[in-house]
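The residues making up each chain are set out below.
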Amino acid sequence: MSSLQAQRAVRGRFLDIQHTVSQASDIAPAIRYIEDGLILLNAGKISWFGTWEKGKDLLSADTPFEHYPDKLIVPGFIDTHIHFPQTEMVGAYGEQLLEWLNSYTFPTELQFKDKAYADKIAQFFVQQLLKNGTTTALVFCSVHTESVDALFEAAEQQQMRLIAGKVMMDRHAPDELCDTAESSYHDSKALIEKWHGKGRNLYAITPRFAPTSTPEQLQKAGQLKAEYPDVYVHTHLSENKNEIAWVKALFPEQKGYLDVYHHYGLTGERSVFAHCVHLEDAEWDCMHATHSAIAFCPTSNLFLGSGLFPLKKTWEKQVKVGLGTDIGAGTSFNQLQTLNEAYKVQQLQGDKLSAFESLYHATLGGAKALDLDDKLGNFNLGKEADFIVLDLKATALQALRQERAKGIEDALFALMTMGDDRNIHTTYIYGDPVYVKY
Ligand code: GUN
Ligand code: ZN
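Because the structure is predicted, anything quoted here is derived from the model rather than measured. (Residues numbered from 1 in each chain as written. Chains lettered and ligands numbered in written order. Predicted model: local features only at pLDDT ≥ 70, side-chain atom pairs only at ≥ 80, totals over all residues. Heavy atoms only, no water.)

Caption draft 1: Region of interest: the packing of helix α5 (residues 145–157) against helix α6 (residues 181–195). Where α5 contacts α6, the axes come no closer than 11 Å and their chain directions differ by 15°. One element, α5, and the other, α6, form an angle in the roughly parallel class. Crossing geometry of α5 relative to α6 is assigned as right-handed. The segment α5 lies against α6, with T145, V148, D149, F152, E153 and E156 engaging D187, L191, K194 and W195. Its residues assigned to classes, the contact of α5 with α6 shows four nonpolar, one polar and five charged. (Axes fitted to C-alpha atoms, helices over the stretch in contact; angles between N-to-C directions. Helix = DSSP H or I, 4+ residues; strand = E, 2+ residues; numbered from the N terminus. Parallel < 35°, antiparallel > 145°, perpendicular 65-115°, else oblique. Left-handed = near helix turned anticlockwise from the far one by under 90°. Contact = heavy atoms within 4.5 Å. Nonpolar A, V, L, I, M, F, W, Y, C, P; charged D, E, K, R; others polar.)

Given below as structure tokens:
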């Protein structure tokens with residue numbers, strides 16, 4: 001066999017999902033598990049993937065090569081909702097959403113007008129993502145343009161594919177944290193021109209949520225989306241019952257919370273709505289009809305006492321869903337911990353969340369929710385080479401449990417129940433190992 005050009009080769013035990021599915025029951029048949037596999041990487045992409053036996057002759061002697069015989073390699077985790085300026089306020093005590101925003105969030109986010117401070121936290125934030133095996137995220141910045149520059153600059157240094165945007169917020173927040181409909185339009189437009197499609201960066205128009213935007217600002221957000229149809233829209237929806245009542249009082253002319261966004265042209269293929277815990281049937285139908293996506297954030301929904309997200313309904317109603325950590329209302333950067341809580345949220349509703357479905361939401365399903373499943377989410381040829389090497393036995397208790405695992409599905413479920421950042425051995429971004437534990 002002739003040798004294929006490869007800048008790097010990785011051998012080990014690989015697990016991914018071969019294609020997107022429209023029913024949870026279709027995930028198990030799409031699982032691809034290769035006990036001794038090989039992946040070849042070239043210019044940040046996957047140039048070959050298969051068994052070691054079939055691929056070993058493709059390697060040339062000078063190809064950089066890593067072998068992980070006792071680990072598990074999966075596609076990088078995708079976080080579909082997280083706030084970078086809230087990194088330092090995880091675990092703020094005692095409040096539910098609206099009081100939590102006023103007491104903790106707004107004072108914290110005020111600091112991000114200072115570019116040097118934003119730079120410092122952006123570096124820390126990106127390192128936390130990598131340390132937790134998250135290779136792509138959809139990120140809220142603060143209202144300040146400096147925070148967006150800081151984050152994209154930090155992501156660029158790692159060649160990470162990141163989607164982010166400046167918060168648009170012109171009411172019901174401290175004056176120093178408010179923009180105006182007009183300034184938010186111009187600032188967001190300038191940021192789109194500067195960052196969207198630059199390297200692996202993508203931009204999201206980011207109205208915080210309906211209560212903190214005037215109708216004029218939502219109209220401007222919709223105008224931006226019409227001018228730049230391939231940028232994202234990222235906001236919150238139907239998280240907390242008091243929030244929903246407030247939206248109904250602020251926008252009595254609309255039929256419901258989602259209708260506010262829909263009215264201003266903010267639903268669609270690249271629109272991601274965090275939470276959606278309390279959607280009404282008509283709203284589920286609108287999410288489906290507009291191809292909008294949900295970010296399910298279990299640690300946040302439990303921490304703020306927001307409610308139990310009905311994950312099963314996303315299959316019934318055919319609505320795309322990804323997994324979000326929602327730092328800092330969420331309590332961990334880690335998608336294994338997030339899946340651990342996601343499982344319990346389903347248990348409390350009498351539903352089951354299998355290990356394979358969990359892997360789907362954290363990888364290929366998340367990529368689909370972000371309209372990036374042509375680029376990310378599994379080991380198909382030509383996809384961007386973002387993947388992670390997992391140590392299944394990072395603690396003595398994990399080792400004891402894993403030695404008794406009944407096959408790969410059970411091993412994965414135990415990992416998702418007990419795992420955290422200690423299980424992330426190496427994180428590859430665009431073909432390069434950018435984080436290595438130890
Ligand atoms: N709704 C509006 N802003 C926020 C926020 O920062 N976090 C969460 N969880 N919900 C929100
Ligand atoms: Zn959020």
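Caption draft 2: Structural context of the packing of aromatic side chains. Per the stated rule, a full pass over the model turns up 18 aromatic pairs. Plain terms: the ring middles of Y261 and F273 are 5.5 Å apart, the flat faces sit at 35° to each other, and that makes the pair tilted. Here F273 lies in strand β11 (residues 271–275) and Y261 lies in helix α9 (residues 257–263), a separation of twelve residues in the sequence. Ring geometry for W315 versus Y360: centroids 6.0 Å apart, planes at 35°, classification tilted. Of the two residues, W315 sits in helix α12 (residues 312–316) while Y360 sits in helix α14 (residues 355–362), which places them 45 residues apart along the sequence. Both residues of the pair, W315 and Y360, belong to the buried class. The ring of W52 carries the charged tip of R11 above its face, separated from the ring centre by 3.9 Å. (Phe/Tyr/Trp six-rings, centres within 6.5 Å; stacked < 30°, edge-to-face > 60°. Buried < 20%, exposed > 50% of the residue type's maximum accessible area, 1.4 Å probe, protein only. Lys NZ or Arg CZ within 6 Å of the ring centre and 35° of its normal.)

Caption draft 3: Representation of the coordination of the zinc ion (ligand 2) within the structure. In this structure, H81 (NE2), H83 (NE2), H236 (NE2) and D326 (OD) serve as the protein donors to the zinc ion (ligand 2), at separations of 2.0 to 2.3 Å. Classification of the site at the zinc ion (ligand 2) as irregular follows from its four donor atoms and the range of 87 to 170° in their angles at the metal. Mapped onto the polypeptide sequence, the residues donating to the zinc ion (ligand 2) form the spacing pattern H-x1-H-x152-H-x89-D. Here the residue H236 occupies a position in strand β10 (residues 232–237), and D326 occupies one in the loop between β13 (320–323) and α13 (335–347), the gap between them amounting to 90 residues. For the pair H236 and D326, a shared accessibility class is recorded, and that class is buried. (Donors = N, O, S within 2.8 Å, 3.2 Å for Na, K, Ca; no water. Tetrahedral: all angles 85-135°; square planar, octahedral: opposite > 155°, others 65-115°.)

Caption draft 4: Local environment of the site of ligand 1. Close to ligand 1 lie H83, Q86, L97, W100, L101, R208, F209, H236, E239, H275, D326 and A329. Within the side chain of D326, one N or O atom sits 2.8 Å away from a nitrogen atom of ligand 1. A total of 280 Å² of accessible area belongs to ligand 1 in isolation, and the protein chains cover 100% of it. Cavity membership is defined here by more than half of the atoms lying within 2 Å of grid points; on that basis ligand 1 lies in the largest cavity. For the shell around ligand 1, the per-class residue count stands at five nonpolar, four polar and three charged. (Near = heavy atom within 4 Å. Polar contact = N/O pair within 3.5 Å; in protein donor to acceptor, adjacent residues only side chain to side chain. Areas by Shrake-Rupley, 256 points an atom, 1.4 Å probe, with all protein chains shown as cover. 1 Å grid on protein atoms, 1.4 Å probe; cavity = no way out; pocket = protein on both sides within 12 Å on 5 of 7 lines; lining within 4 Å. Sits in = over half its atoms within 2 Å of the grid points.)

Caption draft 5: Representation of the pattern of salt bridges in the model. For the structure on display, the rule yields 29 salt bridges. One salt bridge connects R161 with E384, and the closest N-O pair in it is separated by 2.9 Å. Here E384 lies in the loop between α15 (364–369) and β14 (387–390) and R161 lies in strand β7 (residues 161–165), a separation of 223 residues in the sequence. Here the two residues R161 and E384 agree in accessibility, since each one is buried. Notably, a salt bridge pairs K317 with D285, separated by 3.5 Å at the nearest N-O pair. With a gap of 32 residues between them, K317 in the loop between α12 and β13 and D285 in helix α10 (residues 281–289) connect regions that are remote in the sequence. Judged by its relative accessible area of 41%, D285 falls in the partly exposed class. When salt bridges that share partners are traced, they join R161, R200, E384 and D386 into one network. (Salt bridge = Lys/Arg side-chain N within 4 Å of Asp/Glu carboxyl O.)

Caption draft 6: Examining α10 more closely. For α10, the complete set of buried residues consists of E283, W284, C286 and M287. On an axial view of α10, the arc spanned by its buried residues comes to 160°, and they lie on one face. Seen from the open side of α10, the exposed residues pointing more than 90 degrees away from its buried face are A282 and A289. Packed against the buried residues of α10 are β10, α9, β11, β12 (293–296) and α12. Phi turns positive, to about 60°, at H291, one or two residues after α10. (Arc of directions from axis to C-beta.)

Caption draft 7: Inspection of the pairing of strand β15 (residues 424–429) at higher detail. Of all the six residues making up β15, six are buried; the element is thus mostly covered by neighbouring parts of the structure. In this sheet, strand β16 (residues 432–436) lies alongside β15 in antiparallel orientation, the contact comprising four bridges. In the strand pairing of β16, Y428 is matched with P433. Counted along the chain from β15 to the antiparallel partner β16, the turn is two residues long, and its residue Y430 has a positive phi close to 50°. (Pairing = 2+ DSSP bridges.)

Caption draft 8: Focus on empty space enclosed by the protein. Counted under the stated rule, the structure contains three cavities of 30 Å³ or more. Taken as a whole, the largest cavity spans an internal volume of roughly 100 Å³. Taken together, 14 residues make up the lining of the largest cavity; nearest its centre are L97, W100, L101, H236 and E239. At the level of secondary structure, the elements contributing two or more residues to the lining of the largest cavity comprise β5 (77–83) and α3 (97–110). At three residues, the largest contribution of residues to the lining of the largest cavity is made by α3. (Points joined across faces, edges and corners; volume = space filled by probe spheres on them.)

Caption draft 9: Local environment of the sheet that holds strand β1 (residues 8–17). The strand order β3-β2-β1-β4-β14-β15-β16 describes an open sheet built from seven strands, whose pairing is mixed. The sheet is open, and its two edges are formed by β3 (45–51) and β16, each paired on a single side. Strand-to-strand twist in this sheet, taken as the mean axis angle between neighbours without regard to direction, amounts to 35°. In terms of strand pairing, β14 meets β15 through four bridges, oriented antiparallel. Residue pairing in the sheet places F387 in a bridge with Y428 of β15. Against the sheet, helix α17 (residues 408–418) touches β1, β2 (31–42), β4 (65–75) and β14, its axis set at about 95° to β1.

Function-wise, these values are silent; they only describe arrangement.
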